[in-house]
Amino acid sequence: MSVKKGSRSQAVFTLGELARRFGATIKGDPEVPIAGVESLAGARTGQLSFVTGPRHRGEASASEASALVAPPSLEDLSFPLLVHSNPYLLFARIAGLFQEPLRLNEGIHPTAHVSEEAEIGPGVRIGPLAHVGPGSRIGAGSSICGTAYVGSDVRIGSQCLLHPGATVLDRCVMGDRVIIHSGTVIGSDGFGYTLDEAGSHFKIPQTGIVQIDDDVEIGSNCGIDRATFDRTWIQKGTKIDNLVQIAHNVVIGEHCILVGQVGISGSTRLGRYVILAGQVGLADHVEIGDGTRIGAKSGVAHSIKAGQDMIGIPAMPQKQWFKNLVHFQRLPQYRDEVRELRRRVQELEARLNREDR
Amino acid sequence: MSVKKGSRSQAVFTLGELARRFGATIKGDPEVPIAGVESLAGARTGQLSFVTGPRHRGEASASEASALVAPPSLEDLSFPLLVHSNPYLLFARIAGLFQEPLRLNEGIHPTAHVSEEAEIGPGVRIGPLAHVGPGSRIGAGSSICGTAYVGSDVRIGSQCLLHPGATVLDRCVMGDRVIIHSGTVIGSDGFGYTLDEAGSHFKIPQTGIVQIDDDVEIGSNCGIDRATFDRTWIQKGTKIDNLVQIAHNVVIGEHCILVGQVGISGSTRLGRYVILAGQVGLADHVEIGDGTRIGAKSGVAHSIKAGQDMIGIPAMPQKQWFKNLVHFQRLPQYRDEVRELRRRVQELEARLNREDR
Amino acid sequence: MSVKKGSRSQAVFTLGELARRFGATIKGDPEVPIAGVESLAGARTGQLSFVTGPRHRGEASASEASALVAPPSLEDLSFPLLVHSNPYLLFARIAGLFQEPLRLNEGIHPTAHVSEEAEIGPGVRIGPLAHVGPGSRIGAGSSICGTAYVGSDVRIGSQCLLHPGATVLDRCVMGDRVIIHSGTVIGSDGFGYTLDEAGSHFKIPQTGIVQIDDDVEIGSNCGIDRATFDRTWIQKGTKIDNLVQIAHNVVIGEHCILVGQVGISGSTRLGRYVILAGQVGLADHVEIGDGTRIGAKSGVAHSIKAGQDMIGIPAMPQKQWFKNLVHFQRLPQYRDEVRELRRRVQELEARLNREDR
């Protein structure tokens, strides 16, 4: 590996180096230099791209990439190749080598406010105008970017990344390698009130926390509320997109995917590997089983077992939804059929009446 | 009351003290010490929990709580009890005693930027890296947490709380005891344009303000736009969840509840005690009467009178929606019935034709 | 023009001055002083309001405005008038004269963090506690308000406005006169993962940028993700409301309107003058043609040609949606009709059977 002159972070690897590093089979010249990764259409000389199946053949043939990552089924492509059974995964791993690193200061920036009562681990970076409150602990190698806010008595593990303007409020807890994007709020109060004698909404104190386990990533401008008691809990490996709302006491299992603008009401629980598509809403106190997938814009009012594909408002099995939808679209036709039947029945009645006479 | 050793804020009360303080009837030992509140399942020795009705009997019997708040109908439970006609409200009030206070600095933190032209009332706390612009007035006892932003010429009443990263823009006005959660923006420009001669969207200046009355609470990452003229107005006691969008010139009456991800278009008006469930959308220039409740994910295009329960896209009376839904689900069956009728009519026709021959 | 005593920014113009300045025809006294603009209902003496058509006649007659902007068809109104073929546009232009300017400091506020490696153009204002990272360039006359965040290697054109708490992340690019409202995040990571051998979601590096062209305005608390490769691109003159989610690699054409809480999935492309109403969701890899309008709350799973009016989940032509909706509402009636037909067919069958006997 060598570093390109005049570039801040740009590395160059040979195809052979990449093959050895990531355990891929090489096909073609192992000395091809790779200085970056790109899409098939965008790649230029010196860049690596990827194909995952036969539908990419056409686009690949027009690509200017210097080499491709490809599955064994596409070994015949006339490019230098890194052959791998999961080309997209291999490509993603290689892409990480070339990613522009965040330009963070070492240590604690002088304009940051870090409480003397905070414990800051080794290698932690805290950016300009960031805030870390008293009693908080930041684990080794974590980065709190400029303008991010960590409240009091927060626990942040190692190798975490809080992007600029991310907010983690008092007493919340997160594991290792957690990524929180800008504008997201972890630990705002749950939404709970009860009417008092005067007809005003009396606020239920929200005394719990948010717990976020290892390898969770949460997109920008989400709101994750703290629990009334105990914890709102996002388990290991779950990934959450932008503008998602998670209410108090929700539990989200491991390795779930929550797409943009999803909303989950209080105390609802998701199993593992649940997928919620964009703008889905879940009612409170609902349970969603492992591996269940819910289509975009669905509304879920009742619990759903494991392994289901559901969609609609209210959510129903995907097959049923599409069937009902076809019927819905045909309603004008059905109406016409009923009218025609009525006409024919009338005629039959008239005919019989005539014959009876 | 005594303070537990080694704890920062943890108070201990006897059951008798709590009964006297909040006007509850005591049943059992008044000397039971209470050091915290918890859910039935989570409570341990020394903690108080609550039951509201017979469905809690089972869970209560397994609870390790030292005492319960209970309604008169559950006086027979074998726990020391605080008996009250509204146990959930009483419990919420007691919970407030045990709530972990925010760890705020006294006065104005040296890293905050507070304009010399701002008027800061007695007992006001302004956190690290917070901003208060010129001409703004912050009332007695209010807290502007770290990284919160108060613009110019803002009026904030007494005992308000702006959480970290909350933003209140120029000239907006709020009453007393208002709570704004992190990431929420009060007073961004309303969304108004008109096409100019060149086919570009020309921005309509948004010259109004947002007015927020006493005891309003607004969740995290909401957007509340200032009025084109005059004011966007959120009246006394209304509570708003996370990620809610309120457009320019909207008026929300007293004591409304707006659940997460609700969106309200321009100039729409809500009466008092209106409830909008999660992800509801209201069109512009619509009026919603007092006490009307609108179900999750509904879309409202027309005004609705007081006291209605509505749901659906478009919103219709709840009963009708559920009835139509049943029919919708039965569409395949109806289709089959129509087909069968057609077959029978055909047969009748053929029979008559045969007989006529 | 004169400046009113005791006011910070309040200007006064005569009607004649306004007519000359904006090319309107005057009717009535050109010496009428105008010190502000207001709605018909809110206007008081000294203020200008506007009417656009005959439906405003009634409200106008009760208005206390000192003068009105009116179309030629309303020249007979008994007010001093500025007559113009596009009264709303003229009014918006005049309103700009009276708008309260933002109270920004000159130059760079001492509490802001501006990297020494940033290039700051002439006349740029950077507010308290704002952040500008290394390698970033801010064009002439742009304003970065207090607590706004500009990352590293960002390009911002001239006369741009980043409101308090707006965030523009590394390497993103914007043209001239771009406005970004508070809480909005430009350049968070796109949402892309692939399962690895262990069943964990492996993050696809998001190496692209967001490009925002001239005259774009983006509301508060939006999330605009950077591209996986290349760019997420918002073209000239497009206006985006609050809480909108734009995924990686989306391309939005010129002069589009995206209303609050819209969500657009990855790689979807919009033409020019597309209008998406509130809470609309678009699937990934969809194309929407020029001038197409999509009604509130719609869900779009497939590409749509130019010039269509679509609505519904899934989106269909507006006419068809309303027709289907009528049928949907009539389902109980259709069910009754089918039942009645069945009864009549049964009767016919019985009758024929009797006669056959």
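Residues numbered from 1 in each chain as written. Chains lettered and ligands numbered in written order. Predicted model: local features only at pLDDT ≥ 70, side-chain atom pairs only at ≥ 80, totals over all residues.

Q: Help me get a handle on the overall build of chain A, residues and values and all.
A: Regarding its fold elements, chain A presents five helices and 40 strands. Compactness check: chain A gives a C-alpha radius of gyration of 28 Å against a globular reference of 21 Å for 357 residues, more than 25% above the reference. Each of the 357 residues in chain A was classed as buried or not, and the buried ones make up 55%. Once local pairs closer than 6 in sequence are excluded, the contacts in chain A between residues at least 24 apart make up 18%. (Helix = DSSP H or I, 4+ residues; strand = E, 2+ residues; numbered from the N terminus. Rg over C-alpha atoms; globule rule 2.2 N^0.38 Å. Buried ≥ 20, exposed ≤ 12 C-beta atoms within 10 Å, placed from the backbone. Contact = placed C-beta atoms within 7 Å.)

Q: Tell me about the interface of chain B and chain C, and please be specific about residues and values.
A: The interface is formed by 55 residues belonging to chain B together with 53 residues belonging to chain C. At the level of elements, strand S21 (185-188), strand S22 (193-195), strand S23 (201-203), strand S26 (223-225), helix H4 (318-329) and helix H5 (331-356) of chain B are the ones that each hand at least two residues to the side of chain B that touches chain C. Counted by class, the side of chain B that touches chain C contains 21 nonpolar, 23 polar and 11 charged residues. (Nonpolar A, V, L, I, M, F, W, Y, C, P; charged D, E, K, R; others polar.)

Q: Got a sec to walk through the domain arrangement of chain A? Specific residues and values, please.
A: When the domains of chain A are assigned, the result is domain 1 (2-98), domain 2 (113-318) and domain 3 (323-357). Computed over C-alpha atoms only, the centres of domain 1 of chain A and domain 3 of chain A are separated by 65 Å. (Domains from an automatic or database assignment.)

Q: Tell me about unusual backbone geometry, and name the residues and values.
A: Cis peptide bonds are those with omega within 30 degrees of zero, and the linkage from isoleucine 313 of chain A to proline 314 of chain A qualifies with -5°. Structurally, the position occupied by proline 314 of chain A is in the loop between strand S39 (309-311) and strand S40 (316-317). Residue serine 267 of chain A is not a glycine yet carries a positive backbone phi of 65°. Its place among the elements puts serine 267 of chain A in the loop between strand S32 (263-264) and strand S33 (269-270). If you check the backbone angles, leucine 243 of chain B has positive phi at about 60° while not being a glycine. Position of leucine 243 of chain B among the secondary structure elements: in the loop between strand S28 (239-240) and strand S29 (245-246).

Q: I'd like to hear about the sheet that holds strand S18 (residues 167-168) of chain C, residue by residue, with values.
A: All names here are of chain C. In spatial order, the strands read S9-S12-S15-S18-S21-S26-S29-S32-S35-S38; together these 10 strands make up an open sheet with parallel pairing. Where the open sheet ends on each side, the last strands, each with one partner, are strand S9 (113-114) and strand S38 (299-300). Pairing geometry for S18 and strand S21 (residues 185-188), over two bridges, is parallel. Considered in S21, the bridge of threonine 167 is made with valine 185. (Pairing = 2+ DSSP bridges.)

Q: Outline the packing of H5 of chain B against helix H5 (residues 331-356) of chain C, supporting the account with residue identities and numerical values.
A: For the pair H5 of chain B and H5 of chain C, interaxial distance at closest approach is 10 Å and the crossing angle is 30°. With respect to each other, H5 of chain B and H5 of chain C are oriented roughly parallel. Crossing geometry of H5 of chain B relative to H5 of chain C is assigned as left-handed. Residues Tyr334, Glu337, Val338, Leu341, Arg344, Val345, Leu348 and Arg351 of chain B of H5 of chain B pack against Arg335, Val338, Leu341, Arg342, Val345, Leu348, Glu349 and Leu352 of chain C of H5 of chain C. Residues belonging to the contact of H5 of chain B with H5 of chain C are distributed by class as follows: 10 nonpolar, no polar and six charged. (Axes fitted to C-alpha atoms, helices over the stretch in contact; angles between N-to-C directions. Parallel < 35°, antiparallel > 145°, perpendicular 65-115°, else oblique. Left-handed = near helix turned anticlockwise from the far one by under 90°.)

Q: Could you give an account of the relation of the copies chain A and chain C, naming the residues involved and the relevant values?
A: Mapping chain A onto chain C leaves a residual RMSD of 0.1 Å; the transformation is a rotation of 120° accompanied by 0.0 Å of translation along its axis. Between the two chains, the operation in question is that of a three-fold axis. Of the interface residues in chain A, just 19% have counterparts in chain C that sit at the interface too, so the contact is made through distinct surfaces. (Least-squares fit on C-alpha atoms with pLDDT ≥ 70 in both.)

Q: Go over the interface of chain A and chain C, please, and point to the residues and values.
A: Taken together, the contact between chain A and chain C spans 52 residues of the former and 55 residues of the latter. No other element matches helix H5 (residues 331-356) of chain A, which puts 10 residues into the side of chain A that touches chain C. A class-by-class count of the residues in the side of chain A that touches chain C yields 18 nonpolar, 23 polar and 11 charged.

Q: So what's going on with the relation of the copies chain B and chain C? Which residues, and what values?
A: You can overlay chain B on chain C at an RMSD of 0.1 Å; the transform is a turn of 120° with a shift of 0.0 Å along its axis. When you check the interface residues of chain B against chain C, a mere 18% turn up at the interface there too, and the two sides of the contact use different surfaces.

Q: Let's hear about the pairing of strand S6 (residues 47-50) of chain B: which residues, and what values?
A: Here is the key point about a regular strand: its side chains alternate between the two faces of the sheet. Residue and element names in this part refer to chain B. Residue alternation in S6 divides its side chains into two sets, Gln47 and Ser49 and Leu48 and Phe50, and both sets are buried. Sheet topology places strand S5 (residues 36-37) next to S6; two bridges connect them, and they run parallel. If you follow glycine 36 over to S6, its bridge partner there is glutamine 47. In the sheet, S6 pairs with strand S7 (residues 67-70) via three bridges, with the strands oriented parallel. Across the sheet, the residue bridging to phenylalanine 50 is valine 69, located in S7.

Q: Outline the environment of threonine 14 of chain C, supporting the account with residue identities and numerical values.
A: All names here are of chain C. Positionally, threonine 14 belongs in strand S2 (residues 11-14). A count of 18 C-beta atoms within 10 Å places threonine 14 in the partly exposed class. Along the sequence, threonine 14 and glutamate 31 sit 17 residues apart, while their C-alpha atoms lie 5.2 Å from each other.

Q: Help me get a handle on the packing of H4 of chain B against H5 of chain C, residues and values and all.
A: H5 of chain C packs onto H4 of chain B with a crossing angle of 55° between their chain directions and a minimal axis gap of 9 Å. Looking at the two axes, H4 of chain B sits oblique to H5 of chain C. In this structure, H4 of chain B uses Lys323, Asn324, His327 and Phe328 of chain B to contact H5 of chain C, whose residues at the interface are Leu331, Pro332 and Arg335 of chain C. Here the residues of the contact of H4 of chain B with H5 of chain C sort into three nonpolar, two polar and two charged.

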